[in-house]
Amino acid sequence: MADTEEENLQSQIDEIEALSSIYGDDWCVIDEAARIFCIKVSDSTDDPKWIICLQVILPPEYPISAPPLYQLNAPWLRGQDRTILSDSLEELYLQNIGENILYLWVEKVREFLVEKSQTSDAADQGTSLKSTTEENYVDDDHEILLGAELSYGLFQNSIVSGYMNDSEATKEDIPTVEHGEPISDRRSTFQAHLAHVVSPLQVKAVLNKLYENKKIAAATHNIYAYRIHSKKTNTFIQDCEDDGETAAGKRLLHLMQILDARDVMVVVSRWYGGILLGPDRFKHINNCARNILVEHNYTNTMEESAKHTGKNKHTAKENKKRPDK
């Protein structure tokens, strides 16, 4: 066992040295002791239009018996694009089990970006970089800073910082999905959905289950975040998705962190009504999420418990509206 771990470590060291030499300043060491690294990948070295940051953690079992854990960071990368790229990386690993995979992953990401650049004209790129509503604007400079800070914090505490053995991420049953009460404002409607999750596999299963509902699938945005607590390492596996509503996923995850919500994911669907809501949209997203987390006892702060003491839960449940099938 010790020989295998030593062999893995030496293999990782050799791989990192090679990658650092190949990619230069684009290669970044986040935490060498924790084996956390990041590389900026673009479609062009001269005038890059599409950029993805590939962040990885190398577990002790890599490369012989486990893959790296990874996170793809780009504000425009969502929906089908994210799924296609993730599937490509996972397929590459399965084709090269037991071998060093990072160089192949980086070049696969680059290939994806080059292909995207070649098939998109300037107008398409402008559209792709924006949300599907007109509200994808940053309110002020503080919001830009906040987004950057939360993005960095995400990486520090995300799926890459809480390694989870494959044995833990077994194919559990699809969790039950609960639906919160909708909030409507100026023809836009927001509704939260919640599920108990204990592995990223369950997160994917819940999303697939939700998208089977035609109304949810047709929502302008399906923003989500999840937090899974690993008792073994006392760390959190967590991530979020804006789905075109810039910074909404990070705000939702930040709310869950404040509430100390554990082993749960929240999806907030928004159906855009054609009238701009400005910052109010973030208020509605967080209110929907907070309400459903409190209702199902996923908050661990005294403040939130006291704030909702005395509310009639039974009435809320009776009035809860599920999306139309």
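Let me sum up the structure you'll find in this document. (Residues numbered from 1 in each chain as written. Predicted model: local features only at pLDDT ≥ 70, side-chain atom pairs only at ≥ 80, totals over all residues. Heavy atoms only, no water.)

A short note on the sheet that holds strand S1 (residues 27-31)
Convention followed: We call two strands paired when DSSP finds no fewer than two bridges between them. Under the scheme used here, helices are H or I runs from DSSP no shorter than 4 residues and strands are E runs no shorter than 2 residues, and both carry numbers assigned from the N terminus. Angles run from 0 to 180 degrees between N-to-C directions of axes, and those axes are lines fitted to C-alpha atoms, restricted for helices to the stretch in contact. The contact criterion used throughout is that any non-hydrogen atoms of two residues lie within 4.5 Å.
Here four strands make up an open sheet; going across it, the order is S1-S2-S3-S4 and the pairing antiparallel. Both outer strands of the open sheet, S1 and strand S4 (69-73), are each paired with one neighbouring strand and no more. Going across the sheet, the axis of each strand differs from the next one's by a mean of 20°, ignoring polarity. Note: strand S2 (residues 36-42) against strand S3 (residues 51-57), seven bridges, orientation antiparallel. Residue Cys-38 lies in a different strand from S3, and its bridge partner there is Gln-55. Sheet strands in contact with helix H2 (residues 79-95) are S3 and S4, and its direction is about 150° off that of S4.

Side note on the pattern of salt bridges
How we decide: Just to be clear on terms, a salt bridge is a Lys or Arg side-chain nitrogen sitting within 4 Å of an Asp or Glu carboxyl oxygen. Each residue gets one of three labels from its accessible area relative to the maximum for its type: buried under 20%, exposed over 50%, partly exposed in between, using a 1.4 Å probe on protein chains only.
The final tally for this structure, using the stated rule, is 13 salt bridges. One salt bridge in this structure joins Arg-82 and Glu-241, with 3.2 Å as the shortest N-O distance. Placement of Arg-82 in helix H2 and of Glu-241 in strand S9 (residues 235-241) is noted, with a sequence separation of 159 residues between them. Take Glu-241: its relative accessible area is 8%, and that puts it in the buried class. Close ionic contact of Glu-245 with Arg-270 constitutes a salt bridge, the shortest N to O distance being 3.0 Å. Taken together, the residues Glu-245 in the loop between S9 and helix H8 (248-258) and Arg-270 in strand S10 (residues 264-271) connect sequence positions 25 residues apart. Judged by relative accessible area, Glu-245 falls into the buried class, the value being 0%. Classification of Arg-270 as buried rests on a relative accessible area of 0%.

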